[in-house]
Amino acid sequence: MPLALLALAVGAFGIGTTEFVMMGLLPDVADDLHISIPAAGHLVSAYALGVVVGAPLLAAVTARMPRRTVLIGLMALFVAGNALSALAPGDGALLAARFLSGLPHGAFFGVGAVVATGMVAPERKARSVSLMFLGLTVANIAGVPAATLMGQHLGWRATFLGVSAIGLAAIASLALLIPHDRAASSTTGLRGELAALRSVPVWLALGTTVAGFGALFAAYSYITPMLTDAAGFAETNVTLLLALFGVGATAGNLLGGRLADHSLRGTLFGGLTALAVVLLAFPVLMRAEWSAALSVALLGMAAFVTGSPLQLMVMEKAASAPSLASSANQAAFNLANAGGAWIGGIALAAGFGPTSPALAGAVLAVLGLGVASVAYAVDRRHEVAHAGRVIATHVPEQAGALHR
């Protein structure tokens, strides 16, 4: 694997840290800015909205630029957004800065995935994507806890200055390690990139991402009340348990990349099935502390096994213009975050018990399997139709040769 993947992983580490650290800093930010915690929660939503807006927009407008230049520019925007967050005088300015910080997120992962797969042999593409995503999963183990502690002891503004420093390190890594690409990132331009999104297989792949990761976030968004109310853990232990989720996600990400290089579709179906089984088992696993801790790690592993296969599938379905479709997959991931949390909240508010969000997530995982099955059927139909056209054109040529 090329060393340049390390540069992408460093950028992913910074992005993963700033995305999730706000959850742990909400009380500190609310106290300092004299706003309520629900109002501070809008800062999380602002970042997610920036991802959804920025992913397709920035990928589209940079379609003809060299990808190395695009990646460095996106990370520079990331640094600016986090620096402005640290310097924000009030909640309005911080809200705008968080939105700005989210803009480059999806496009960085989208373009980065295209760069990563372009540097390796075809049989290693999924592994290259999983190594870039490794920065995101490791951020949940080390980056987010460290940044949260920094914010609690030095102030929340120090956290965002620290994240800005990670972004600067990522820019230096990208400049040193990513090879120069003289050609534009897409010869089709904006019109060709947009045309890729008119493909039914692309939308089915994006739909699988929304349903599959919606299953994860339906449960993970409410993992704290599950661990405290159902499993009986003290709130002080939750942070350590969430690190187990990061460990599971890291293992699942690496496993998924390796397996997907052998069977992309099989890894996807297997991961979604495992996710549904784990979520269905949550009511039982949450009855004891040891099994509850195991369930958190298994949740991360089962969910992130599907990460690189889904990213690679979207890129393959839009092979002529992969940057926009690849970035759109990151927007789909964040839609899954918002939608999954909403659906899990409905189950919890309905009074079905603290583990009910996991059961709602299991339903979404089964829905993801259904969408993936439809995508597989569509692919098979296209393959049969293509084979028929090849035979139809080949037979007349043979007949003409025999006649001659």
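Refer to the structure presented above.
Remember, it's a predicted structure, so these values are computed and weren't measured experimentally.

Engineer: Would you take a moment to explain the pattern of salt bridges for this structure?
Structural biologist: Opposite charge on two side chains permits them to pair, given that their charged atoms come into close proximity. Under the counting rule described, the total for this entry stands at 4 salt bridges. Two residues, aspartate 32 and arginine 157, come together in a salt bridge whose shortest N-O distance is 3.8 Å. Here aspartate 32, found in helix H1 (residues 4-33), pairs with arginine 157, found in helix H6 (residues 156-177); they are 125 residues apart in sequence, far enough to count as distant. A relative accessible area of 39% places aspartate 32 in the partly exposed class. Judged by relative accessible area, arginine 157 falls into the partly exposed class, the value being 26%. When the shortest N-O distance is used, the salt bridge between aspartate 379 and lysine 317 registers 2.6 Å. With aspartate 379 in helix H16 (residues 356-403) and lysine 317 in helix H14 (residues 307-317), this residue pair connects regions lying 62 residues apart in the sequence. The class of lysine 317 is partly exposed, set by a relative accessible area of 26%. Each member of the salt-bridge network shares a partner with another, and the members are Arg265, Lys317 and Asp379.

Engineer: In this structure, what is going on with unusual backbone geometry? I would like to understand it.
Structural biologist: The general pattern is negative phi for most residues beyond glycine and trans for most peptide bonds. Phi at histidine 34 takes a positive value of approximately 60°, unusual for a residue other than glycine. Relative to the elements of secondary structure, histidine 34 occurs in the loop between H1 and helix H2 (37-61).

Engineer: Help me understand the nonpolar core, please; the structure alone is not making it clear to me.
Structural biologist: Ranked by size, the top nonpolar core spans 56 residues in total, and within it Leu216, Leu227, Leu275, Leu279, Phe282, Met286 and Leu299 carry the most contacts. The greatest single-element share of this core, amounting to 10 residues, is contributed by helix H8 (residues 200-220). If you look at the next biggest cluster of nonpolar residues, it comprises 36 residues, including Leu5, Phe20, Ala113 and Met315.

Engineer: I would appreciate a short explanation of the packing of aromatic side chains in the present structure.
Structural biologist: The description of two aromatic rings rests on the distance between their centres and on the angle between their planes. Overall, the coordinates contain 8 aromatic pairs when judged by the stated rule. Centroid distance phenylalanine 213 to phenylalanine 304: 5.7 Å. Interplanar angle 75°. Geometry classified as edge-to-face. Here phenylalanine 304 lies in helix H13 (residues 289-304) and phenylalanine 213 lies in helix H8, a separation of 91 residues in the sequence. According to the relative accessible area criterion, phenylalanine 304 is buried, its value standing at 11%. The interplanar angle of 75° and the centroid separation of 6.3 Å between the aromatic rings of phenylalanine 245 and phenylalanine 304 together place this pair among those described as edge-to-face. Within this pair, whereas phenylalanine 245 is found in helix H10 (residues 238-260), its partner phenylalanine 304 is found in helix H13, the two being separated by 59 residues in sequence. Of the two residues examined, phenylalanine 245 and phenylalanine 304, each falls in the buried class.

Rules of the game
Residues numbered from 1 in each chain as written. Predicted model: local features only at pLDDT ≥ 70, side-chain atom pairs only at ≥ 80, totals over all residues. Heavy atoms only, no water. Salt bridge = Lys/Arg side-chain N within 4 Å of Asp/Glu carboxyl O. Helix = DSSP H or I, 4+ residues; strand = E, 2+ residues; numbered from the N terminus. Buried < 20%, exposed > 50% of the residue type's maximum accessible area, 1.4 Å probe, protein only. Core = buried A, V, L, I, M, F, W, Y, C linked by side-chain atoms within 4.5 Å. Phe/Tyr/Trp six-rings, centres within 6.5 Å; stacked < 30°, edge-to-face > 60°.

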